[in-house]
Structures are given as structure tokens and as C-alpha cells.
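One letter stands for each residue in the lines below.
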Amino acid sequence: MSERRYDPNRRQRLIEVTLNVIAEHGVAATTHRKVAQAADVPLGSLTYHFKGLDDLLAAAFTKLADETADGFEAALAGAEGPDAAREAVAALITGEMLGGRRNVLLTYELYALAARRPDLRRVTDNWMARSRAALRRHFDPATAEILDALIEGLSLHRALALNPMSAETVREAVNRVAGPL
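A quick note: this is a predicted structure, and the numbers were derived from the prediction, not measured. (Residues numbered from 1 in each chain as written. Predicted model: local features only at pLDDT ≥ 70, side-chain atom pairs only at ≥ 80, totals over all residues. Heavy atoms only, no water.)

Hey, could you go over the overall build of the protein for me, with residue numbers and the actual values?
A tally of regular secondary structure across the protein gives 10 helices and 0 strands. Over its C-alpha atoms, taken along the principal directions, the protein stretches across nearly 70 × 35 × 30 Å. Per-residue burial over the protein gives 40% buried out of 181 residues. Entry remark: accessible area of the protein is about 10,200 Å², with carbon and sulfur atoms responsible for 53%. Both charge centroids of the protein, one from 23 positive and one from 24 negative side chains, sit 6 Å from each other. (Helix = DSSP H or I, 4+ residues; strand = E, 2+ residues; numbered from the N terminus. Buried < 20%, exposed > 50% of the residue type's maximum accessible area, 1.4 Å probe, protein only. Areas by Shrake-Rupley, 256 points an atom, 1.4 Å probe, with all protein chains shown as cover. Lys, Arg positive; Asp, Glu negative; His and termini not counted. Charge placed at Lys NZ, Arg CZ, Asp CG, Glu CD.)

Just give me the short version of the environment of L53, but keep the residues and values in it.
Checked against the element boundaries, L53 lands in helix α4 (residues 53–77). Residue classification places L53 among the partly exposed positions, given a relative accessible area of 25%. Put simply, L53 and V89 are 36 residues apart on the chain and 35 Å apart in space, counted from C-alpha to C-alpha. Look past the residues within four positions of L53 in its chain and what remains in contact with it is T30, T31 and H32. (Contact = heavy atoms within 4.5 Å.)

Help me get a handle on helix α7 (residues 101–116), residues and values and all.
With 16 residues, α7 extends 23 Å between its outermost C-alpha atoms, agreeing within 8% with the 22 Å of an ideal straight helix rising 1.5 Å per residue. Listed in full, the buried residues belonging to α7 are N103, V104, L106, T107, L110, L113 and A114. Each element contacted by the buried residues of α7 is listed here: α1 (10–25), α4, α6 (96–99), α8 (121–136) and α9 (141–160). (Expected span 1.5 Å × (residues − 1).)

Tell me about the pattern of salt bridges, and please be specific about residues and values.
Applying the stated rule across the entire model yields 13 salt bridges. The residue K63 makes a salt bridge to E16 at a minimum N-O spacing of 3.6 Å. Here E16 lies in helix α1 and K63 lies in helix α4, a separation of 47 residues in the sequence. (Salt bridge = Lys/Arg side-chain N within 4 Å of Asp/Glu carboxyl O.)

Any chance you could break down the nonpolar core for me, citing the residues and the numbers?
Counting residues in each nonpolar core, the largest one holds 30 residues, and the members touching the most others are L14, V35 and F61. If you list the elements that add at least two residues to this core, you get α1, α2 (32–39), α4, α7 and α8. It is α4 that provides the largest number of residues to this core, a total of 9 residues. Setting aside chain neighbours within four positions, we find F61 in contact with L19, I22, V27, L106, E109, L110, L113 and V123. If you look at the next biggest cluster of nonpolar residues, it comprises 22 residues, including A79, A90, L135 and V170. (Core = buried A, V, L, I, M, F, W, Y, C linked by side-chain atoms within 4.5 Å.)

With reference to specific residues and values, describe the packing of α1 against α4.
As a packed pair, α1 and α4 sit with axes 9 Å apart at the nearest point and diverge in direction by 85 degrees. Considered as vectors, α1 and α4 are oriented roughly perpendicular to each other. Taken together, the residues of α4 that come into contact with α1 (itself represented by R11, L14, I15, E16, T18, L19 and I22) are L56, L57, A59, A60, F61, K63, L64 and E67. A breakdown of the residues in the contact of α1 with α4 according to their chemical character gives 10 nonpolar, 1 polar and 4 charged. (Axes fitted to C-alpha atoms, helices over the stretch in contact; angles between N-to-C directions. Parallel < 35°, antiparallel > 145°, perpendicular 65-115°, else oblique. Nonpolar A, V, L, I, M, F, W, Y, C, P; charged D, E, K, R; others polar.)

Could you give an account of α1, with specific residues and numbers?
Between its first and last C-alpha atoms α1 spans 22 Å; for 16 residues at 1.5 Å apiece the expected length is 22 Å, and the two agree. Inspection of α1 places R10, L14, I15, V17, T18, L19, V21, I22 and A23 among the buried residues, and these make up the whole buried set. As for α1, its buried residues are in contact with α2, α3 (43–49), α4 and α7. Remark: G26 follows α1 within two positions and exhibits a positive phi of approximately 90 degrees.

This is the structure:
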């Protein structure tokens, strides 16, 4: 009989491993078996901690959304004054948090799944609400909503373009929406 391992953080570790599996293989190829193998745990460990694959995916994407929203809030919380706030928005668009390969892949996997599964839209909806609340610390509600969409759109364009939009052009776009720096 194999030795039983004590792993009090297993549920959280399984969520993180699930994000890694999704980033590597996509949602369509993510299975309990693949996650268990990547986490080096028995298959039953997943069914112990999660009701099913949908529950596991929801937990993983909630973690992604929360971590990204946390980073968003931190970036904007540090901005003092309108100039710094506009610069923080431009830095979010051009930075690693939204533009790093892993995060881009995970974000688009979430978007595609949420488009097909309305129950996952609560994850994207909560994420948008937190992003907009962080933006409203510096901008009026309408501008915050527009900037939130601009951030998503420009991040997408920069991630997929062979010649991504320059940081200068991103700053100009933010300025056109939120006022000049």
C-alpha cells in the first residue's frame, strides 16, 4: 500500500495545475485524468474536491479572474492623480499581466467557454465589475466602462497582431478616451 500524503492545500494546487493544463492544451483537451497526472495525485482526488469537471473549470477561471482583477486594482490604486491613472491604464494594456502568453491563452479560453456556457458569465461579469470599480476610482462611470472595453480590445489586438500596436499609440488611445496626459 502506498504512503498517503498529507496535502492541506491540495484543492488550491489542483486549481493552479488546471490553469497550467488549460494554458498548455486548451479547455477542450482538459480532463480529470490530465489534471491528476499533472498534479501527481490520484484521480479520485479531483472528484473529492470538485463536483465534476465543470466545477473544476469554474474554480480555475475564478482564480484567473480574481488574480487579474487584483493586479488591476493594485496598478490603479498606486496611481495618484489623473496623469498617473491614465499612465496606469496604458501600462496595463502594454504590460505582462494582460499581455503575457499564458494569461492571454487562459483569458481567451475563459471567454470562449463563457460564450458557450452562460453559467460561467458570472466569472467574467464579476471580473468586469471589479475592473470597472478600480477604474471608477479615477474616472467617471461612463469613462470607466469605455476604458474597460478599450483595455480588453487593445490587449486582444496587441496579443494577436504580428506587429503589435506601440505603447505610444496605446497611450494616445487612452488619452483620447480619458483626456490627455
